[in-house]
Amino acid sequence: MENKSLSIWESTAANDIFFPELQGNREADVVVIGGGITGLTAALQLSDAGKTVIVLEAHRIGLGTTGNSTGNLYCTVDEHLSVIKKKWGADVMKTVVNSRFRAIDMIEINVKKYNIDCDFYRTSFNYFAEGLDDDIKDFIKAETDALTEAGLTVSENTHIGLPFEVHGAIKVEGQAQFNPLKYVRGLAKNLSGKCEIFEKSMVVDIDDKNGLVHTAHGTVKAKHIIMATHTPKGVYMVQTVLGPYREHGVAAELLSGEMPEGIFWSMNKPKHSVRVYKSEGKKYVMVIGDKYKTGQGDDTNEYVRKLEDYLRTHFNVGPTTHTWGGQQYTPADGLPYIGKHGESLYFLTGFATDGLVYGTLASMIVTDLILGKENIYEDTYKLSRVTPIKSFKEFFKENTDNMMQYLKDVPWTGEELSDIRPGEGKVIEAHGEKLAVYKDELGTKHVCSAVCTHMKCVVNWNSAEKSWDCPCHGSRFNFDGVVIEGPALVNLPAKKL
């Protein structure tokens, strides 16, 4: 199962389901853009409710954010419940916990109802601290109080089973883990015959006023367009309150010692998520974390190396078997944006690192909106909310940062073509243009425009994943300029030197 360039989920989920590319014109009640946990959960619910549904996935089902996630399901959040309470109050904090519990329950219901073999089980969520300064002590008290007030079963106990010394810990019962790619592919199998799913069908244009979604070789006309793409495709104001971040994951086989089941989040910086996964008689330990702004990591390989160092200093493991990266969009005020935009669009975005649960919840909310049903969580996450006080600090930080990305290349200080070694990519200036140049291991140069097709920011090279990443709104492109993810709809144009 070992393939160092794949996530552990992609290596362990059977690659036994394929769907055709969209060809020609189709009509449906609903078109879902994105074939991850969010899109397929929505498609399943709407199909079961009698709606005709078409799913468009740009690449392969589940191999985007879902297939590069942690596989952790929890009712707390990346920003921490104590922060949500401070920003929004106790009632909203409780609603966040209750809504996320409902989503985890939905996943468990689907696992049982459709007999999906995805290694789902209930387990605990654990914060742990290896160093205990005053800030950590204050956090433990504030977070324990918030978790307890939210109605969760909480205990403070440093004996949480980790094979290294822990000086502070919080345990929360009743959470869950699974293999997210096995789950999503299980949903896709159960959608067969209920709706149409198309892979390798990247959306290149969206005409929401006329309900038209265009791919390279086809068009779908629908009354409702669900953007299950982690961030909306195209240019929208909501992107000004979303911060795109990446983090990497590494995994290796545990050779000796114990690593308990459960979700483990470190409280010390840089923060890490640690968990174990069993497959084919082997036990693997994975570490995910140390996030950075997309397109702004100077040497992304260094993030991977640091995770490997952490893994080896804390566990007796073999060689690294898997490395991968995942993207997240952090909302300025701490809550996702879920709801209807304009005539036919539905946005489901701002999930931070909590997307497996929030994606499921968002699909539940949007399904009810389309079916004309009341959803008790709709107002909490509504797209139209205005929160200048709660979001000003993050809004200012993200948009000041974006402006600096536009300005940093004036005057131009790019690399020279001669600086590029095999296996490297750099941005250079030639013929009055900024060019993204990747030189493969054979020395062949792949050249495209370095100007992001979303909002004209200059992309940067991601050495760990061999991609061109936009530091403004998180669009990512393959080494040859093909869109991988993010809001961009159009590939980076090919260029010649």
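Reading the values: the criteria
- Residue positions are given per chain, counted from 1 along the sequence in the order it is written.
- Only residues with pLDDT of at least 70 are given local features in this predicted model, and only at 80 or more are side-chain atom pairs given and counted; all residues enter the totals for whole chains, interfaces and linings.
- Heavy atoms from the whole structure form the basis of all side-chain values; hydrogens and water molecules are not counted.
- Only DSSP runs of H or I covering at least 4 residues are called helices, and only runs of E covering at least 2 are called strands; the numbering of each starts at the N terminus.
- Computation of the radius of gyration draws on C-alpha atoms alone. For the globule rule, the value is 2.2 Å times the number of residues to the power 0.38.
- For the exposure calls, accessible area comes from a 1.4 Å probe over protein chains only, and a residue counts as buried if that area is under 20% of its type's maximum, exposed if over 50%, partly exposed in between.
- Given the number of residues in a helix, its expected span is that number minus one, multiplied by 1.5 Å.
- The criterion used for residue contact is that any of the two residues' heavy atoms lie within 4.5 Å.
- In protein, a polar contact means a hydrogen-donor-capable atom and an acceptor-capable atom, both N or O and within 3.5 Å, with residues adjacent in sequence counting only if both atoms are side-chain atoms; elsewhere, any N or O pair within 3.5 Å suffices.
- Defined by distance alone, a disulfide is two cysteine sulfur atoms within 2.5 Å.

## Brief notes about the overall build of the protein chain
Along its length, the protein chain carries 9 helices and 24 strands. Taking 23 Å as the expected radius of gyration for a compact globule of 497 residues, we find that the protein chain reaches 22 Å, a close match to that expectation. For the protein chain, the spread of C-alpha atoms along the three principal axes comes to 65 × 55 × 50 Å. By residue count, 58% of the 497 residues in the protein chain fall in the buried class.

## A short note on helix 6 (residues 180-191)
Given a rise of 1.5 Å per residue, 12 residues ought to cover 16 Å, and the 17 Å separating the end C-alpha atoms of helix 6 matches this to within 8%. In terms of residue burial, helix 6 counts as a mostly covered element, since 9 of its 12 residues are buried. Among the residues of helix 6, P180, L181, Y183, V184, R185, G186, L187, A188 and L191 are the ones counted as buried. Of the surrounding secondary structure, the elements contacted by the buried residues of helix 6 are helix 1 (8-12), helix 2 (37-48), helix 4 (90-113), strand 7 (196-198) and helix 8 (355-371). The residue sitting at the N-terminus of helix 6 and contributing the capping side-chain oxygen is N179; that oxygen lies 3.1 Å from the backbone nitrogen of L181. Count one or two residues on from helix 6 and you reach G193, which has phi positive near 95°.

## Examining the state of the cysteines
Inspection of every chain in the model, using the stated rule, returns 1 disulfide. No disulfide involves C75; its nearest neighbouring cysteine sulfur is the one of C118, lying 19 Å away. On the basis of relative accessibility, which here comes to 1%, the residue C75 falls in the buried class. C470 takes part in no disulfide bond, and the closest cysteine sulfur to it belongs to C452, at a distance of 3.8 Å. Classification of C470 as buried rests on a relative accessible area of 2%.

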